[in-house]
Amino acid sequence: SILYAISPATAQFFKPVQLSCEDDGIRMEVVAVYIHEDTADIYISMQDLEGTRFDETIDLFDSYQINTPFGCTGHCELSSYDLDTQTATFLITIEQWNEQNIIGEKLTFLIREFLSNKKSYKGIIDDVSLDTIEVSSSTQTVQPRGLSGDDLFDEYTVSNARGELAVLKPVGNISSPINGVTLTGVGYVDGQLHVQVYYDNIHKTDNHGSIALLNNETGKTILCNGSIAFFDDVRKGSYEDYIFTAVSADTLGDYELYGDFVTSSGSVEGNWSVTFPLENTLDE
């Protein structure tokens, strides 16, 4: 069985459920459940019955939903992938709030879309030379959709009443190291180096990544001190300014850009939903 193939040591604790539904030639099955006190471990499988629409990079893309009559927290991780049967199995862990026993409750698990066939890029963006690149000084203010870096949080929450931060204005396609990712600016804002990347159609692709600097002479890698992410005009793609606080313009040529990106061709949408009881394991 799937359970014994994944984890023979724990399979004995799980109770078979084997309830399933199909949509668009893809079957979702609740394979088995293990209840222990306030926690439920649930194995869910997804199988493509008609083609090869996913691979070992399959990701539920945070599109799954757990409907329960009780408050809970949950997380999901890929447990296994079988190329021959086009089956991916996930382990869902749900913990009820207030440490209440959850035996006898019912749960509905839903999936609306998933990602697969993801690709990654890690390496120097070798068609960009920082010693000859046109350094931009054209800026704009935006309301960020995301921030990283303690100093940026302080600036955004304390000293910026309008909730806006200064970033580069995109200058166009400087380089596209992988499909769906574009370098759109390198310049200085308030004396700090910004490297701007555009991620296409993030709601459907989950394209994301990071930028670092690699010193040509020492080989040392400098990570960014923070970043500012903001939507494009149609709120489909996202720009992200990666900020380096200690790289002056006269030393910029000493570095190369290092990119770490994950992209996909887009999500597969559907409507998969199964309701099942949370019951004791067979031997209890």
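Going by the structure above, here's the rest.
The structure displayed is predicted, hence computed values, not measured ones.

**Q** Can you help me understand the sheet that holds strand β6 (residues 87-96) in this one?
**A** Paired through their backbone hydrogen bonds, the strands of a sheet run either parallel or antiparallel. The sheet built from five strands is open, its strands ordered β1-β2-β3-β6-β5 with antiparallel pairing. The open sheet has two free edges, formed respectively by β1 (15-23) and β5 (72-82), since each of these has just one partner strand. Going from strand to strand, the sheet's axes swing by 20° on average, the running direction of each strand aside.

**Q** What should I look at first to understand the nonpolar core in this one?
**A** One broad rule of soluble globular proteins: the nonpolar side chains tend to lie buried together. Of all hydrophobic cores here, the largest spans 28 residues; its most connected members are Met28, Ile42, Met46, Phe109, Phe114 and Phe276. Secondary structure elements with two or more residues in this core: β2 (26-36), β3 (39-48), β6, β7 (106-115) and β20 (267-277). Every residue in contact with Phe109, bar those within four places of it in the chain, is listed here: Met28, Ile44, Leu60, Tyr64, Gln65, Ile66, Ile92, Trp272, Ser273, Val274 and Phe276.

**Q** Got a minute to help me understand the sheet that holds strand β17 (residues 226-231) in this structure?
**A** One open sheet holds the six strands; their spatial order is β10-β17-β18-β14-β13-β12, and the pairing between them is antiparallel. Unpaired on one side and paired on the other, β10 (146-148) and β12 (175-178) mark the two borders of the sheet. The average angle at which neighbouring strand axes cross in this sheet is 25°, direction not considered. Where strand β13 (residues 181-189) and strand β14 (residues 192-199) come together, eight bridges link them in antiparallel fashion. Opposite Tyr188, over in β14, you have Leu193 as the bridge partner.

Thresholds, definitions, all that
Residues numbered from 1 in each chain as written. Predicted model: local features only at pLDDT ≥ 70, side-chain atom pairs only at ≥ 80, totals over all residues. Heavy atoms only, no water. Pairing = 2+ DSSP bridges. Helix = DSSP H or I, 4+ residues; strand = E, 2+ residues; numbered from the N terminus. Axes fitted to C-alpha atoms, helices over the stretch in contact; angles between N-to-C directions. Core = buried A, V, L, I, M, F, W, Y, C linked by side-chain atoms within 4.5 Å. Buried < 20%, exposed > 50% of the residue type's maximum accessible area, 1.4 Å probe, protein only. Contact = heavy atoms within 4.5 Å.

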